[in-house]
Amino acid sequence: MAVYSKVLASSILAAATTIAGVSAVHADTWRYAFEEAMDEVQGKFAQKFKEEVEANSDHEIQLFPYGTLGESADIMEQTQAGILQFVDQSPGFTGALIPEAQVFFVPYLLPQDDQELFEFFRTSKAITEMFPELYAKQGLELLTMFPEGDVAITTREPLKSPADLNEVKVRVMTNPLLVESYKAFGATPTPLPWGEVYGALQTGIIQGQENPTFYILSNKLYEVSDYMTYIGHNNFTTAVMANQDFYSGLSEEDQTMIGNAIDVAFEYILDYQQGQTEEAINGIMEAKPGYTVTTLTEEERQPFKDAAAQVEAAFIEMTGDSGKSLLEQFKADLDAVKK
C-alpha cells in the first residue's frame, strides 16, 4: 500500500465524483474497485458479480482494477465517502481500520486442505456474524470474504528454516501483525508500496516478498527471485464490502439481488481456484526454467510454527478482548470443518 498522499487522494476523489454525476444511493451505475488486475482472482470475482447484477437488475457495475483510482488507501477512502459503492480489499490493508481483521495473518491458523478451507469461509460464524459488526463501525457493509490461494515466499537464496531469513529484508503489507510474523520468522520485515516492490527486488533493496502463486506469475516476480518456497503459513484472504449508507438506502429487492450475486460469485471463485496454484507454478517454470520451487516438509515447518505462537499473542495484545473473542470463535469454526 502506498504512503498515503492527501494531494493524490483529493485529485482521485474529485475525478471519481465527476465520473459519478449522481449521488451514491440513487446511482444506476455502481462503481466497484479492487486491488488486482481484471484477469486475477479479485478481478474474476468482480466480473462474475457484475454479470449477475446486470443479468438480474437494471443496474450496471463499473469496474476499477488496481491502480485506476489510486492505491489501497485511496479506494478505501472513496468507498467510505460513498463515491465508490463496492470495494474488494484484503484484511491486510483494512487492519489499520479494523485491527481484528488481522486475525487472517496469524500464521498456521487457516487449514491447508482446500475443502476444509472453503467450508470454513462458507460457514464461519466469525465471518458471518462477528466481522460485519466490526466493519459496520467503519461505515462498511461486509458482503463476503474469500481465500485467494496459498501464500509463497520468493527469495534470492534457498529458504529451509528461520535461520535462512536472517537479515533478509522481506516486503510486507503495512500490517502490524504481518510485520510481527516476519520478525518471528527471523526476517527483517519491510513495508513497501506495491508499485515499488519489483524495482526494490531488482535492485536488492529488499530480497524477498510473499504473495499467492498466481500473483507471483502475473506480476513476473519470478524474474527478480530465484526461489519460491511454501512454508504453509497462510492463505491470502480478501473481503468485498459496500458503502453502508449506500447499501442501507437500497430497496429490499436490490439488497437481496446483491446478496444472491455475491453468493454466485463466491462459489464461482472457489471453483475457479481449483488447480490454480499448480497452473501458476507450471507457468513460472515455463517462463524461467531452472527456477526452484520448494514445499517444506512438516518437520521443516515446525520451527516456523513454533514462532507463530508469539504472533498469536501479539494479535491478542493488539486487539484486546474483542480480538480474543474473535480468535476463539475463529478456532471453533475451524474445528467444526475439520474432517
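Above this note sits the structure.
Residues numbered from 1 in each chain as written. Predicted model: local features only at pLDDT ≥ 70, side-chain atom pairs only at ≥ 80, totals over all residues. Heavy atoms only, no water.

Caption draft 1: Representation of the packing of helix 5 (residues 114-123) against helix 11 (residues 252-272) within the structure. Contact geometry for helix 5 and helix 11: axes closest at 11 Å, N-to-C directions at 170 degrees. Judged by the angle between their axes, helix 5 and helix 11 are roughly antiparallel. Contacts from F118, F121 and R122 in helix 5 reach F266, E267 and L270 in helix 11. A per-class count over the contact of helix 5 with helix 11 returns 4 nonpolar, no polar and 2 charged. (Axes fitted to C-alpha atoms, helices over the stretch in contact; angles between N-to-C directions. Helix = DSSP H or I, 4+ residues; strand = E, 2+ residues; numbered from the N terminus. Parallel < 35°, antiparallel > 145°, perpendicular 65-115°, else oblique. Contact = heavy atoms within 4.5 Å. Nonpolar A, V, L, I, M, F, W, Y, C, P; charged D, E, K, R; others polar.)

Caption draft 2: Local environment of the nonpolar core. Judged by nonpolar contacts, the single largest core of 104 residues is most densely connected at Y32, F45, F49, F86, F131, Y135 and I258. Apart from residues no more than four positions distant in its own chain, F86 is found in contact with W30, R31, Y32, A33, F49, I61, T79, L143, M241, A242, F246 and I258. (Core = buried A, V, L, I, M, F, W, Y, C linked by side-chain atoms within 4.5 Å. Buried < 20%, exposed > 50% of the residue type's maximum accessible area, 1.4 Å probe, protein only.)

Caption draft 3: Fine view of the packing of aromatic side chains. Counted by the stated rule, this structure contains 19 aromatic pairs. With a centroid separation of 6.0 Å and 35 degrees between ring planes, the pair formed by Y32 and F86 is classed as tilted. Of this pair, Y32 sits in strand 1 (residues 29-34) while F86 sits in strand 3 (residues 86-89), and the two are 54 residues apart along the sequence. On the basis of relative accessible area, Y32 is assigned to the buried category, the value being 0%. (Phe/Tyr/Trp six-rings, centres within 6.5 Å; stacked < 30°, edge-to-face > 60°.)

Caption draft 4: Structural context of the pattern of salt bridges. For the coordinates displayed, the defined rule picks out 11 salt bridges. The partner of E119 in a salt bridge is R122, and the shortest N-O contact between them spans 3.2 Å. Taken together, the residues span about one helical turn, with E119 and R122 both in helix 5 at a distance of 3 residues. For E119, a relative accessible area of 32% puts it in the partly exposed group. Overall, the relative accessible area of 33% leaves R122 in the partly exposed class. The closest approach of N and O atoms between K338 and D335, which form a salt bridge, is 3.4 Å. The exposed category is assigned to K338, whose relative accessible area is 54%. Here the residues in one salt-bridge network are E119, R122 and E267, joined through shared partners. (Salt bridge = Lys/Arg side-chain N within 4 Å of Asp/Glu carboxyl O.)

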